[in-house]
Structure formats: C-alpha cells, structure tokens
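What follows is each chain in one-letter form.
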Amino acid sequence: MTNVRNPGMVVTDDRHSPTGESPTFDLSAYLNQRQALVEAALDCAFPLTYPEKIYESMRYSLLAGGKRLRPILCLATCELTGGTVEMAMPTAIALEMIHTMSLIHDDLPAMDNDDYRRGRLTNHKVYGDDIAILAGDGLLAYAFEHVVEETKNVPAEQLLKVIARLGRAVGAAGLVGGQVVDLECEGRTDTTLETLHFIHTHKTGALLEASVVCGGILAGASAADLQRLSRYAQNIGLAFQIVDDILDITATRAELGKTAGKDLQAKKATYPSLWGLEESRQQAKQLVEDAKAELAPFGEKAQPLQSLADFITSRTH
C-alpha cells in the first residue's frame, strides 16, 4: 500500500507477515506511480499547436514511453534532501526533454543511424532528417525555458545552479563531447578502457549525474550531500552503460525496443569487448554496490535510490 504520510515512499504492508518483518519498499509500484506523474506532466508541457508538424514530431518521441529513469531520479533525490515532487517536476521533465533530444539526434543517419527506438520507428524515419533535427533543437531549447518558467518555491540562486548544471551536462563538456569521441572511435580496434570510460561518463553518465544532483540542488542540499549524490550517480551511470552494452549483445530488438547488435555491427568498443560478458556483469554489480554505499548516511530515506541502483543491473531493456 502507499504510505499516505509520505507519498514518495511506496511500501508493502507486512504487519501480518508471520515473520514479523518490517515493511519493504515496492519498487514496481514506485516506478509505476512516478512514471504516471512524469507522463502526465510531459503531455501537459507540450500541447499541439501551430506549426503542428514540429510539435507532432517532438511529441512523437517525447511521449513514446521509456523508463523515465532520469526524471524519476531527480524527483527521488529532491525528496530525499528535503524537497518536494512539485518543486522538482519542471527540472525532471526538462531532463527527459534533453534525453529525448539526444536520442533523436543519436538515431540520425549521420550519427548511429538507427531505425527503431522505444519499439517504433525513429523520428527521422517518420518525419525526415530535417524535422528530426529541428525537433531535437526544439526540445533542448524548451527544456531550459520550462525549468525557469515553471519552477516554483526555489530560490533563484539554486535555480541558476540547476541551469548551469544542465548546460554542462548536455554540452561539449558532457553529452556532446562523449558523442564526438564515440564517433571518432567507431570502427577502430585500439580504443582503450580509459577512452571508453571517457565516452560513457560523458555521453551517458553526465546527464544521469545531472538528474541526481539537480534534485539535490533544488532542495538546497549541503555540499557534502551533493558530493555523495554525485558519486552515487557516477557509479550508477557507468553501471547503466555497461548493462546497455551487455543487452546489445544478449537481448532481442523486441526486448530492447531498438535494433540489437548495433555496437558489434558498427565495430564499436564496448565493455564486453574489452572485459568479456562475465567480467562486465561483475563490474556493473560492484559499481552498484559502491553507489549504494554512498547513500548510507541518508538511512532508510534513501530506499528509492537504493532500489533504483539495483534496478539498473537487473533490467532487461
């Protein structure tokens, strides 16, 4: 059942359990609840208006489903550090807008050239390369506008820090920089583990880290807590990418919702190609354990983030 005194916590009621165990966190219910909140906010943020084609294109990719992991991490961290869902929601869905932009652009023929995303045709396959590029541009620009216009009850100084953090995560010091090095390494056989780490801590990890840290910034978390959250996020970000690399080899297109085997086809360096599958799984597991250790000072309040860390290594898509 849902704990009404704290709607952020979803627990199963074990009061009548013969073992007498304390209530346990129900991640599935938590994710369903948070995904519904995020989906509703995303739908409201982008009404269909003139020129309809660009709004249709943006909504096509933005509302295509997905785990909504980045906004959920932002909401969870804000609550953990004393904030509210309402305070964090504009930033949470801005993160999903930025993430969706990166997926639209990543799928383009000049980039990873993919035909499927989240179980259906990629944006450029439906609307053409030109509109897909503009849809990504539109989502990125609106993400920053939305944070500033819609965030309530947050001091301006904290809001500025969030904007700066988002900008860094998506720019050449973050996502863009990682994508550039990824493209440069495609087809090469001499990519080192250090270079692979750079690619993924920037291309994938930077936005995941921003998702976690921005939640804390909005709530006014201390510098020490922000450092703990940053280290937690860095670990789960790298674990997330390692699992992605594993799934690209072991899962089907139906399971992934996108083309499987793309990394092997493009001759990309991946963690399994450098470590092998079993070592990659062990490394991801250790990263998750390290991430969870960073949350120890927060106690039981950190259960959502603890469970989300475990979810990263157990996911199948």
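Residues numbered from 1 in each chain as written. Predicted model: local features only at pLDDT ≥ 70, side-chain atom pairs only at ≥ 80, totals over all residues. Heavy atoms only, no water.

Some points on the side chain of Thr 122
For step 1, the next point in the chain: Within the fold, Thr 122 resides in the loop between strand S4 (120–121) and helix H5 (123–127).
For step 2, the next point in the chain: Non-local contacts of Thr 122, meaning those with residues more than four positions away in its chain, are made with Tyr 60, Asp 107, Asp 114, Asp 115, Tyr 116 and Arg 117. (Helix = DSSP H or I, 4+ residues; strand = E, 2+ residues; numbered from the N terminus. Contact = heavy atoms within 4.5 Å.)

Brief notes about helix H3 (residues 69–80)
Helical geometry: 3.6 residues make up each α-helical turn, so side chains three or four residues apart lie on a common side.
For step 1, the next point in the chain: If you check H3, its first and last C-alpha atoms are 16 Å apart, about what twelve residues at 1.5 Å a residue would give, namely 16 Å.
For step 2, the next point in the chain: Residues of H3 that are buried include every one of Leu 69, Arg 70, Pro 71, Ile 72, Leu 73, Cys 74, Leu 75, Ala 76, Thr 77, Cys 78 and Leu 80, and no others.
For step 3, the next point in the chain: Turning to H3, the residues buried within the fold contact helix H1 (27–45), helix H4 (85–106), helix H10 (205–219), helix H11 (223–250) and helix H16 (303–314).
For step 4, the next point in the chain: After H3 finishes, the residue Gly 82 shows a positive phi value of roughly 105°. (Expected span 1.5 Å × (residues − 1). Buried < 20%, exposed > 50% of the residue type's maximum accessible area, 1.4 Å probe, protein only.)

Focus on unusual backbone geometry
Generally, phi is negative for residues other than glycine and the peptide bonds are trans, each holding for most cases.
For step 1, the next point in the chain: Cis geometry marks the peptide bond from Tyr 50 to Pro 51; its omega dihedral reads -10°.
For step 2, the next point in the chain: Topologically, Pro 51 is positioned in the loop between H1 and helix H2 (52–62).
For step 3, the next point in the chain: Despite not being glycine, Asn 153 shows a phi value in the positive range, around 60°.
For step 4, the next point in the chain: Residue placement: Asn 153 occurs in the loop between helix H6 (129–150) and helix H7 (156–170).

Some words on the nonpolar core
For step 1, the next point in the chain: In terms of nonpolar packing, the biggest core is built from 48 residues, with Met 89, Ile 93, Met 97 and Leu 139 touching the most fellow members.
For step 2, the next point in the chain: Among the secondary structure elements, those contributing two or more residues to this core are H1, H2, H3, H4, H6, H7 and H10.
For step 3, the next point in the chain: Among the elements that make up this core, the one with the highest residue count is H4 (twelve residues).
For step 4, the next point in the chain: With sequence-adjacent residues up to four places away left out, Ile 93 is seen in contact with Val 38, Ala 41, Leu 42, Ala 45 and His 146.
For step 5, the next point in the chain: If you look at the next biggest cluster of nonpolar residues, it comprises 37 residues, including Ala 76, Tyr 232, Phe 240 and Leu 305. (Core = buried A, V, L, I, M, F, W, Y, C linked by side-chain atoms within 4.5 Å.)

So, the packing of aromatic side chains
For step 1, the next point in the chain: In this structure the tally under the stated criterion is five aromatic pairs.
For step 2, the next point in the chain: Aromatic side chains Phe 25 and Tyr 30 sit 5.2 Å apart centroid to centroid with 55° between the ring planes, which places their arrangement in the tilted category.
For step 3, the next point in the chain: By relative accessible area, which is 16% here, Phe 25 ends up buried.
For step 4, the next point in the chain: Geometrically, the ring pair formed by Phe 46 and Tyr 142 is edge-to-face, given 4.9 Å between the ring centres and 70° between the ring planes. Of this pair, Phe 46 sits in the loop between H1 and H2 while Tyr 142 is found in helix H6, placing the two residues 96 residues apart along the sequence.
For step 5, the next point in the chain: Residue Phe 46 is classed as buried on the basis of its relative accessible area, which comes to 3%. (Phe/Tyr/Trp six-rings, centres within 6.5 Å; stacked < 30°, edge-to-face > 60°.)

Examining helix H8 (residues 175–185)
For step 1, the next point in the chain: Looking only at H8, the buried set comprises Leu 175, Gly 177, Gly 178, Gln 179, Val 181, Asp 182 and Cys 185.
For step 2, the next point in the chain: Where H8 is buried, its residues contact H4, H7, helix H9 (193–203) and H10.
For step 3, the next point in the chain: The first or second residue beyond H8 is Gly 187, which carries a positive phi of 85°.

Things to note about the state of the cysteines
For step 1, the next point in the chain: The full count for this structure, using the stated rule, is zero disulfides.
For step 2, the next point in the chain: Note on Cys 78: no disulfide assigned, nearest cysteine sulfur contributed by Cys 74 at a separation of 6.6 Å.
For step 3, the next point in the chain: As a non-bridged cysteine, Cys 214 has Cys 74 as the owner of its nearest cysteine sulfur, 6.3 Å distant.
For step 4, the next point in the chain: By relative accessible area, which is 0% here, Cys 214 ends up buried. (Disulfide = S-S within 2.5 Å.)

A closer look at the pattern of salt bridges
Pairing between side chains of opposite charge can happen when the charged atoms of each approach one another.
For step 1, the next point in the chain: Scanning all chains against the criterion turns up 18 salt bridges.
For step 2, the next point in the chain: When the shortest N-O distance is used, the salt bridge between Lys 292 and Asp 310 registers 3.1 Å. Of this pair, Lys 292 sits in helix H15 (residues 277–294) while Asp 310 sits in helix H16, and the two are 18 residues apart along the sequence.
For step 3, the next point in the chain: The class of Lys 292 is buried, set by a relative accessible area of 19%.
For step 4, the next point in the chain: Bridged by salt links that share partners, the residues Asp 106, Asp 107, Asp 112, Arg 117, Asp 182 and Lys 203 form one connected network. (Salt bridge = Lys/Arg side-chain N within 4 Å of Asp/Glu carboxyl O.)

Some details on the confidence of the model for the protein
For step 1, the next point in the chain: For the protein, the mean per-residue pLDDT works out to 89, and 87% of the residues sit at or above 70.
For step 2, the next point in the chain: Every residue in residues 1–9 scores below 50 in pLDDT, and together they form 18 contacts with partners more than four places removed in sequence or on other chains. (pLDDT = per-residue confidence, 0-100.)

Details of the environment of Ser 57
For step 1, the next point in the chain: On the secondary structure map, Ser 57 appears in helix H2.
For step 2, the next point in the chain: For the pair Ser 57 and Gly 136, spaced 79 residues apart in sequence, the C-alpha separation works out to 9.1 Å.
For step 3, the next point in the chain: When residues no more than four places from it in sequence are discounted, the contact partners of Ser 57 are Asn 123, Tyr 127, Ile 131 and Ala 135.
For step 4, the next point in the chain: Side-chain polar atoms of Ser 57 contact the side chain of Asn 123, separated by 2.8 Å. (Polar contact = N/O pair within 3.5 Å; in protein donor to acceptor, adjacent residues only side chain to side chain.)

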